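Here is what each chain is made of, one letter per residue.
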Amino acid sequence: MRDFETYLIELGLSINSCIKYIKTIKNVFNKGVALDKFTPIKNPFITLNKKTTPVSKKTLGRKEIEIIIQTPIDKESPLYHYKNYFLFQIFAQGIRVSDLMTLRWGNLITGEIIINQFKTKTLLKIRLNFIVLLRLADYFPKGVKIVNVKYKFKLKDADYSMSYREIEQHYNKLQKDSIGLFIQLNMSEKLEDKKELKELEKVLTSWLDVMAKIREKIKMELIIEICIYGKANPEKFIFPLLDDKIFNGIEFNAQKHILSKYQYNQLSSKTAHYNKQLKKLQELCQIDIVFTSHLARHSYTNLMIETTNKDIYTISKSLGHSSLSTTEHYLNEFLTDRINESNDGMNETFLTKSY
């Protein structure tokens, strides 16, 4: 075992990777002992390094995620789908890439995502929020049709006929074009400018109201159609990352699943390919942080720390961890900035005192 550890280090692997490989062999060894296949004279792992080194976990912030969402990609490009998959991971509670690839329409027949996670086998339920639904819409027959329906409405005596995405694009352009005018009118003391500012705010609010109403309508229609499609095609993979035929009969939703070597290799090679495509997506979005499948999980966690005020129990349940200790270990790296911020806030309360 010491020779094997030395060999791994000479290959240039990190300490954490070496420990992971050795841990796998240790698990097999312990199963052999438990099944009475081998009686050890002494523990061959006792002298090996057991301490992992801290790794800085990179995350995407709101700004970077918005850049990804707003980066236009042609539907004919493979990157269009990898952008979909990556955003799905983030907004479906940071699900692991193994769960993304093995997700079937049958997991959605109740109107939410229900899976036994591939890695831990623990149950996870994910609500079908609107961002997730828009990603799913590209992968079943009626989805695209529902999203592209033209809605007729009237605003400020003008008639419109637009799809949700067209309304969203129009609103974003309107908002962007209005920023300079907002600043100018806000700084003005003239009464007529104040009136114009209120009018502009009303216009933007009215477009937001239209979007909200149509969003709810699309959401309900998509969920209904997804449930119908899921019941008719329960064994079909949602995303075309794995071949349905190769994994026919494999119940990923069961507590136990046994994969052949070929099936396992398929999962590994598709994961590697996914990560290569994510690097291309990163270059297209011009973001410095290296995109990986696990970055989606880290980014979701980081967002949850912000929005839940560091509520570890809620974050733990969202990530599908089986224990709070796992979540606490997972969050240690993310909480450093928040600890510093809290300490700075506490220190500042003393700055008003005179010494």
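Up top is the structure these notes are about.
Residues numbered from 1 in each chain as written. Predicted model: local features only at pLDDT ≥ 70, side-chain atom pairs only at ≥ 80, totals over all residues. Heavy atoms only, no water.

**Let's talk about the overall build of the chain**
Argument step 1. Helix and strand content of the chain: 14 helices and four strands.
Argument step 2. Across its three principal axes, the chain shows a C-alpha extent of roughly 90 × 75 × 35 Å.
Argument step 3. Per element, the accessible surface of the chain, about 22,000 Å² overall, is 55% carbon and sulfur.
Argument step 4. Here the chain contributes 54 positive and 40 negative side-chain charges, whose respective centroids are spaced 7 Å apart. (Helix = DSSP H or I, 4+ residues; strand = E, 2+ residues; numbered from the N terminus. Areas by Shrake-Rupley, 256 points an atom, 1.4 Å probe, with all protein chains shown as cover. Lys, Arg positive; Asp, Glu negative; His and termini not counted. Charge placed at Lys NZ, Arg CZ, Asp CG, Glu CD.)

**A few points about the packing of aromatic side chains**
Argument step 1. For the structure shown, the criterion picks out 22 aromatic pairs.
Argument step 2. For the ring pair Phe153 and Tyr160, a centre distance of 5.4 Å and an interplane angle of 20 degrees mean the geometry is stacked.
Argument step 3. Members of the aromatic cluster, connected to one another through ring pairs, are Tyr82, Tyr85, Phe88, Tyr139, Phe239 and Tyr274. (Phe/Tyr/Trp six-rings, centres within 6.5 Å; stacked < 30°, edge-to-face > 60°.)

**Details of the pairing of strand β4 (residues 158-162)**
Argument step 1. Where strand β3 (residues 151-155) and β4 come together, five bridges link them in antiparallel fashion. When the sheet's bridge partners are listed, Phe153 is paired in β4 with Tyr160.
Argument step 2. Once β3 ends, the chain turns through two residues before running back antiparallel as β4, passing Lys156 with a positive phi of about 50 degrees. (Pairing = 2+ DSSP bridges.)

**A short note on the layout of surface pockets**
Argument step 1. Of the voids in this model, the second largest pocket is the one considered here, and its volume is about 1,200 Å³.
Argument step 2. Breaking the lining of the second largest pocket down by element, the ones donating at least two residues are α3 (62-70), α4 (78-91), α6 (130-136), α8 (164-187) and α9 (191-232).
Argument step 3. Each residue belonging to the lining of the second largest pocket can be placed in one class, and the counts come to 14 nonpolar, eight polar and ten charged. (1 Å grid on protein atoms, 1.4 Å probe; cavity = no way out; pocket = protein on both sides within 12 Å on 5 of 7 lines; lining within 4 Å. Points joined across faces, edges and corners; volume = space filled by probe spheres on them. Nonpolar A, V, L, I, M, F, W, Y, C, P; charged D, E, K, R; others polar.)

**Section: the packing of helix α11 (residues 293-307) against helix α12 (residues 312-319)**
Argument step 1. It is the contact of α11 with α12, at a shortest axis distance of 10 Å, that shows an interaxial angle of 150 degrees. One way to sum up the angle between α11 and α12 is to call them roughly antiparallel. Crossing handedness for the pair α11 and α12: right-handed. Seen from α11, the contacting residues are Arg297, Tyr300, Thr301, Met304 and Ile305; seen from α12, they are Thr314, Ile315, Ser318 and Leu319. (Axes fitted to C-alpha atoms, helices over the stretch in contact; angles between N-to-C directions. Parallel < 35°, antiparallel > 145°, perpendicular 65-115°, else oblique. Left-handed = near helix turned anticlockwise from the far one by under 90°. Contact = heavy atoms within 4.5 Å.)

**Quick word on unusual backbone geometry**
Argument step 1. Notably, Gln93 is not glycine yet its phi reads approximately 60 degrees, a positive angle.
Argument step 2. Assignment of secondary structure puts Gln93 in the loop between α4 and α5 (97-102).
Argument step 3. Given a relative accessible area of 16%, Gln93 falls into the buried group.
Argument step 4. Positive phi, close to 55 degrees, is recorded for Gln286, a residue that is not glycine.
Argument step 5. With respect to the secondary-structure elements, Gln286 resides in the loop between α10 (261-285) and α11.
Argument step 6. Look at Gln286 and you get exposed, because its relative accessible area is 72%. (Buried < 20%, exposed > 50% of the residue type's maximum accessible area, 1.4 Å probe, protein only.)

**Re the nonpolar core**
Argument step 1. One finds Phe86, Phe88, Leu100, Leu108, Leu136, Phe239 and Phe291 to be the most contacted residues of the largest nonpolar core, which totals 76 residues.
Argument step 2. Sorting elements by how many residues they give to this core places α9 first, with 13 residues.
Argument step 3. Contacts of Phe291, omitting those with residues within four sequence positions, involve Leu60, Ile68, Phe86, Asn275, Leu278, Lys279, Leu281 and Gln282.
Argument step 4. Membership of the second largest hydrophobic core comes to six residues, among which are Tyr300, Met304, Ile305 and Leu331. (Core = buried A, V, L, I, M, F, W, Y, C linked by side-chain atoms within 4.5 Å.)

**Digging into the pattern of salt bridges**
Argument step 1. Applying the stated criterion to the full structure yields eight salt bridges.
Argument step 2. Between Asp138 and Lys75 there is a salt bridge whose closest N-O contact spans 3.4 Å. On the criterion of sequence distance, the pair formed by Asp138 in the loop between α6 and α7 (141-147) and Lys75 in the loop between α3 and α4 is long-range, its members being 63 residues apart. (Salt bridge = Lys/Arg side-chain N within 4 Å of Asp/Glu carboxyl O.)

**Section: the environment of Lys119**
Argument step 1. Mapped onto the elements of the fold, Lys119 is located in the loop between β1 (112-116) and β2 (123-127).
Argument step 2. For Lys119, a relative accessible area of 59% corresponds to the exposed category.
Argument step 3. Spatially, the C-alpha atoms of Lys119 and Asp74 are 34 Å apart, while their sequence positions differ by 45 residues.

**Side note on the side chain of Thr271**
Argument step 1. Topologically, Thr271 is positioned in helix α10.
Argument step 2. Not counting residues within four places of it along the chain, the set of residues in contact with Thr271 comprises Val97 and Met101.

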